[in-house]
Amino acid sequence: MKRLLLTLTFPLLFVGCASQNPTHMAFSPQVPDVSQQTPRPISISLDTIDTRNVDYVARFIEEGTKTRLVGPSEPPKLQLDEVFRNGFTQAGYQIDPSAAHSVQIQLAELQMDVTKNTFGYEAKHNILISVQARNATQELVKRYKAKGVLKGPLTPDFATLELDMNKLLGQLTGEILNDPELNQFLQQQQ
């Protein structure tokens, strides 16, 4: 009887483990290397908004099964806001809500499409961030885009996917914070 019970229970344990798919991805973008951009402190106001038209950050596509959507564990807007506040501070700016110069960071796209097949997976990452900088007389609008592809055997590991997306986020935020055109615009006097 014990043998029969063990024989029936053992496969159920594997089914239970196999159905434990993570429902959230944890991103933790770090402040990239930022060079000093200003000879003296300049005040800017900073606002970060999420303009994405989807709530998920990853879409898992496997032939013959329903597409699975995975959301972020924390709002990306809050994480990016912290990265940009720290990054602009390192660059020599002072964050002041009443400053004449303003920067608005718009997260337009943060998505990963993971396609599984018989031999492995392919993850395509897309990030799009728009920056609107204003002073008393002018406005500068720039779009920054980053794409990445990660391929691997078997099933994708969430930690590997998260790490790859964090790396891409770091590259893109570094490009924005160190952009000579943006920094020159922010340093113009009215």
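You'll find the structure just up there.
Residues numbered from 1 in each chain as written. Predicted model: local features only at pLDDT ≥ 70, side-chain atom pairs only at ≥ 80, totals over all residues. Heavy atoms only, no water.

### Some thoughts on unusual backbone geometry
Logical step 1: With a phi angle near 60°, Leu 154 is a residue other than glycine that sits in the positive phi range.
Logical step 2: Here Leu 154 lies in the loop between β8 (139-153) and α3 (158-177).
Logical step 3: Under the relative-accessibility criterion, Leu 154 is labelled exposed at 68%. (Helix = DSSP H or I, 4+ residues; strand = E, 2+ residues; numbered from the N terminus. Buried < 20%, exposed > 50% of the residue type's maximum accessible area, 1.4 Å probe, protein only.)

### Brief notes about the environment of Ser 130
Logical step 1: Residue placement: Ser 130 occurs in strand β7 (residues 120-134).
Logical step 2: Dropping the residues within four chain positions of it, Ser 130 is found in contact with Gln 104, Ile 105, Gln 106, Lys 142 and Arg 143. (Contact = heavy atoms within 4.5 Å.)

### Digging into the side chain of Asn 135
Logical step 1: Position of Asn 135 among the secondary structure elements: in the loop between β7 and β8.
Logical step 2: Of the polar contacts made by the side chain of Asn 135, one reaches the backbone nitrogen of Thr 137; its length is 2.9 Å. (Polar contact = N/O pair within 3.5 Å; in protein donor to acceptor, adjacent residues only side chain to side chain.)

### Some details on helix α2 (residues 76-90)
Logical step 1: Taking 1.5 Å as the rise per residue, α2 with 15 residues should run 21 Å; its terminal C-alpha atoms sit 21 Å apart, in good agreement.
Logical step 2: At the exit of α2 stands Gly 92, carrying a positive phi of roughly 110°. (Expected span 1.5 Å × (residues − 1).)

### Overview of the pairing of strand β3 (residues 58-62)
Logical step 1: One ladder, built from 3 bridges, connects β3 with strand β4 (residues 68-72); its direction is antiparallel. Counterpart to Phe 60 in the pairing with β4 is Arg 68.
Logical step 2: What sits between β3 and β4 in their antiparallel hairpin is a turn of 5 residues, with Gly 64 showing a positive phi close to 85°.
Logical step 3: When β3 meets strand β6 (residues 101-116), the two strands line up parallel, connected through 5 bridges. Paired with Ile 61 across the two strands is Thr 115, which belongs to β6. (Pairing = 2+ DSSP bridges.)

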